[in-house]
Amino acid sequence: MAPSQPIAPTKNSKLLAWVKEIETLCQPDQICWIDGSEAEKRRLEKRGIARGQMIPLDPEKLPGCFYSRSNRSDVARTENLTFICTRKKEDAGPTNNWMDPREAYAKSEEVLKGAMKGHTMYIVPFSMGPVGSPFSKIGVEITDSIYVVLNMRIMARIGRKVLDLLGDDGDFTKCLHSKAECDISHRMILHFPEDNAIVSTGSAYGGNALLGKKCLALRIGSWHARQENWLAEHMLILGIEKDGQTRYVTAAFPSACGKTNLAMLIPPEGLKHKGYKIWTVGDDIAWLRVGADGRLWAVNPEAGFFGVAPGTNSRTNPNAIKTIQKNTIFTNVLLGDDLTVWWEDGEGAPPASGTTWDGKPWKPGFSDENGKPLLGAHPNSRFTAPAGQCPTISPKWEDPQGVPISAIIFGGRRERVAPLVFETFDWDHGVYVGATVASERTAAAEGKVGEVRRDPMAMLPFCGYNMADYFAHWLQMGARIPKPPKIFHVNWFRKDEKGKFLWPGYGENLRVLEWILSRCEGDGKAAKTPIGFVPTKDALDTTGLSLPAGAMEKLLEVRAEDWASELDGHKAFFEKFGPRLSQRMWKQYEALKDRLKTAVAA
Ligand code: OXD
Ligand code: MN
């Protein structure tokens, strides 16, 4: 590794003063300004290997790939230790954990005092969004983790070019991270939106430690977005090309509900004759602004994918499999003794032997202490891969202006209530539908898997301020978009009475997207129901798809009794916000209630 660089490669006085302050607090052995070069990457990899933090994988089969294993207790976002630290508690709102900023700084300083002794302090200037795009935001992450630097290199644009853009007086989000032994008792993910600052300690898990992603691009980003009249959202961005024209949609689903799969979908056999081409712009985050043409335009602020490994295979997501064949960091999957990686419901034959994510010897067929198959990979194990390696990456994915959005899609994982797809009546109704999204919990965050929770716009864990104000912001954005996208809701996860999924999902989801786009063009057959426009049973093109008899009816059914109890859930959720919740949301609630009543009476 290069010795510490005594001369800082910037004259930005705010940055220099902050670096000095953190150096004094954390007392690292040396400082390293990250320039983003290839030579630097190789030096960091060597150092990571020498320290046992990364294992290089088979250079023939997985060139440029590394394996990393985290602490057993550091495998997912810790929402209970994630705080919004606004001066007033009400500004964080009832859905966020709040800490007084003075207490938060004091607590984190306690942990950070001398925390980098014996370590190098890396300074990583990064841009979320293409460098220099009017959409983009600059952050600087100070970290003592080589793993974080190497992951940030994939997930954001980093280094010299960002510092140059920052110049002598540019502003940036201060992002301070220290592993602090990855000890849960040292863990806190603190956001100071009023100071444009983030402090994260005690974790090296991506969502907690790669501070450009959830912390900046969503929590701090959503705060900026509200002040500056744009939207920072937990959404994929996808282009659908047909007959030489590409239309773009965004979709917000809770974590681990298949955003990465949808963003990279392969058209199903039955629709091949239509010549669709899918273009991936982003799989997790969208920043949306009103363009000069009155439409809503989106950029993906990230430069890589931090995807869930288990369940990723050539059937569910062949493009992801192709993306992760090189230059990828695998975290907490199974490590084969032959230096390959594997995960449950993954690709190809498992290695003959290996080591599990938590360090246990593993062979196919091994059982755990309860007699169940011994898990090779943690359910939230991940791959970090450069977006540019995706075979379907859109030629526009780095366009500084972004792409124009025709439809916004919300969705959750619901076994019963929500039909396969419906279209909302107008912007306000769309915001209401987004605000009342609910989903069964997955492994991306700690908590009980399967439990239903309300996850408005899939932003529950990511909104950096009071969600009542966030809904109001969405409502007022409607008036600012002269040509707004239509808003839809989808549910790929409806089950029949035997508990079997009714919809095949994956590539077949294009059939639903096709209907959505046709509705945006003023076509597409639909029936008006109390919850919105639902496709008629012959509206989706099912060429080549053999659904069991009656399945389409079940997929599209709107059951008034289910929606009546759903409505109670909406009310209980809204009541949490007290008088701060816009009356326009209550108006939507009342209107839905009335429509359901009329439907039941009829
Ligand atoms: C993610 C998440 O990692 O939402 O994208 O948890
Ligand atoms: Mn996500």
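Residues numbered from 1 in each chain as written. Chains lettered and ligands numbered in written order. Predicted model: local features only at pLDDT ≥ 70, side-chain atom pairs only at ≥ 80, totals over all residues. Heavy atoms only, no water.

This paragraph deals with the coordination of the manganese ion (ligand 2). For the manganese ion (ligand 2), the full set of protein donor atoms is K214 (NZ), H234 (NE2) and D284 (OD), and the range of their distances to it is 2.2 Å. Taken in chain order, the donor set of the manganese ion (ligand 2) reads K-x19-H-x49-D. Residue H234 is located in the loop between β12 (231–233) and β13 (236–242), and its partner D284 is located in the loop between β15 (277–282) and β16 (286–290); the two are separated by 50 residues in the primary sequence. By relative accessible area, which is 9% here, D284 ends up buried. (Donors = N, O, S within 2.8 Å, 3.2 Å for Na, K, Ca; no water. Helix = DSSP H or I, 4+ residues; strand = E, 2+ residues; numbered from the N terminus. Buried < 20%, exposed > 50% of the residue type's maximum accessible area, 1.4 Å probe, protein only.)

Attention now goes to the packing of aromatic side chains. Two numbers describe a pair of aromatic rings. These are the distance of the centres and the angle of the planes. Evaluated as defined, the whole model comprises 23 aromatic pairs. Ring centres 5.8 Å apart and planes at 75 degrees place the aromatic pair F471 and F577 in the edge-to-face group. Taken as a pair, F471 in helix α11 (residues 467–480) and F577 in the loop between α14 (560–575) and α15 (583–601) lie far apart in primary sequence, 106 residues in all. Residue class for F471 comes out buried when judged on its relative accessible area of 0%. When the ring of F574 is compared with that of W586, the centres are 5.5 Å apart and the planes differ by 85 degrees; the resulting orientation is edge-to-face. Separated by 12 residues along the polypeptide, F574 in helix α14 and W586 in helix α15 bring together distant segments of the chain. (Phe/Tyr/Trp six-rings, centres within 6.5 Å; stacked < 30°, edge-to-face > 60°.)

What follows is about the pattern of salt bridges. For the structure shown, the criterion picks out 43 salt bridges. The salt bridge partner of E497 is K554, with a shortest N-O separation of 3.3 Å. Of this pair, E497 sits in the loop between β29 (486–490) and α12 (510–520) while K554 sits in helix α13 (residues 551–556), placing them 57 residues apart in sequence. Residue K554 is classed as partly exposed on the basis of its relative accessible area of 30%. (Salt bridge = Lys/Arg side-chain N within 4 Å of Asp/Glu carboxyl O.)

What follows deals with the side chain of E514. Relative to the helices and strands, E514 resides in helix α12. Residues in contact with E514, not counting those within four places in the same chain, are L271, K274, Y276 and D541. (Contact = heavy atoms within 4.5 Å.)

Time to look at the sheet that holds strand β24 (residues 382–386). Taken together, the 5 strands give an open sheet; going across it, the order is β2-β3-β19-β24-β18, and neighbouring strands pair in mixed fashion. Two strands close off the open sheet at either side, each with one partner strand: β2 (55–56) and β18 (304–308). (Pairing = 2+ DSSP bridges.)

Judged by nonpolar contacts, the single largest core of 151 residues is most densely connected at W287, F471, W474 and I516. Of the residues forming this core, the biggest block, 8 residues, is contributed by helix α4 (residues 146–155). Discounting residues that sit within four places of it in the chain, W474 has contacts with L231, E233, M235, I408, F410, W427, V431 and M457. V111, V162, L166 and A197 belong to the second-largest nonpolar core, a separate cluster that totals 31 residues. (Core = buried A, V, L, I, M, F, W, Y, C linked by side-chain atoms within 4.5 Å.)

This part is about the domain arrangement of the protein chain. A common way to state how big an interface is: give the accessible area lost once the parts meet. Taken domain by domain, the protein chain holds domain 1 (13–53 + 77–228), domain 2 (233–303 + 395–601) and domain 3 (305–389). Distance between the C-alpha centres of domain 1 and domain 2: 32 Å. Listed by partner, the interface residues are 37 residues for domain 1 and 39 residues for domain 2. Our count for the domain 1 to domain 2 interface comes out at 7 salt bridges. Taking the shortest distance from any N to any O, the salt bridge between E398 and R157 comes out at 2.8 Å. At the junction of domain 1 with domain 2, the criterion picks out 20 residue pairs in polar contact (both at pLDDT 80 or more). (Domains from an automatic or database assignment. Polar contact = N/O pair within 3.5 Å; in protein donor to acceptor, adjacent residues only side chain to side chain.)

Turning to the environment of L150, a few remarks are in order. With respect to the helices, strands and loops of the structure, L150 is situated in helix α4. Classification of L150 by relative accessible area gives buried; the value is 3%. Put simply, L150 and I329 are 179 residues apart on the chain and 8.5 Å apart in space, counted from C-alpha to C-alpha. Apart from the residues within four sequence positions on either side, L150 is in contact with K41, L44, E45, M54 and I329.

On the secondary structure map, P404 appears in strand β25 (residues 403–411). In this structure P404 comes out as buried when scored by relative accessible area, which is 15%. Considering only alpha carbons, one finds P404 and G207, 197 residues apart in sequence, at a separation of 28 Å. Contact partners of P404, with chain neighbours within four places excluded, come to Y248, R295, L296 and W297.

Relative to the 20 Å expected for 14 residues at 1.5 Å per residue, α11 spans 20 Å between its end C-alpha atoms, a close match to the ideal helical length. Of all 14 residues that make up α11, 10 are buried, and the element is covered over most of its length. Every buried residue of α11 is accounted for by M467, A468, D469, Y470, F471, H473, W474, L475, M477 and G478. At the N-terminal end of α11, a side-chain oxygen is found 2.8 Å from the backbone nitrogen of A468, two or three residues along, and the residue is N466. (Expected span 1.5 Å × (residues − 1).)

The next subject is the site of ligand 1. Taken together, 10 residues surround ligand 1, and among them R77, K214, S255, D284 and R382 come closest. Taking R382, its side chain carries an N or O atom lying 2.9 Å from an oxygen atom of ligand 1. Alone, ligand 1 offers 210 Å² of accessible surface; in the complex the protein occludes 95% of this. Taken together, the residues of the shell around ligand 1 sort by class into 3 nonpolar, 2 polar and 5 charged. Two domains each provide a minimum of three residues to the shell around ligand 1, namely domain 1 (13–53 + 77–228) and domain 2 (233–303 + 395–601). (Near = heavy atom within 4 Å. Areas by Shrake-Rupley, 256 points an atom, 1.4 Å probe, with all protein chains shown as cover. Nonpolar A, V, L, I, M, F, W, Y, C, P; charged D, E, K, R; others polar.)

On the basis of which strands lie adjacent, the open sheet formed by 4 strands has the order β21-β20-β22-β23 and antiparallel pairing. Two strands close off the open sheet at either side, each with one partner strand: β21 (341–342) and β23 (361–362). Inspection of the sheet shows strand β22 (residues 354–355) paired to β23 by 2 bridges, in the antiparallel sense. For T355, the partnering residue across the bridge sits in β23 and is P361.

Burial of strand β11 (residues 197–201) is extensive: 5 of the 5 residues sit out of reach of the surface. Burial along β11 is two-sided: the face carrying A197, V199 and T201 and the face carrying I198 and S200 are both buried. Here strand β9 (residues 173–178) pairs with β11 via 5 bridges, running parallel. Directly across from H177, in β11, lies its bridge partner S200. The pairing of strand β10 (residues 188–192) with β11 spans 5 bridges and is antiparallel. Residue pairing in the sheet places F192 in a bridge with A197 of β11. Hairpin connection, β10 to β11: the antiparallel pair is bridged by 4 residues, and N196 has positive phi, about 50 degrees.

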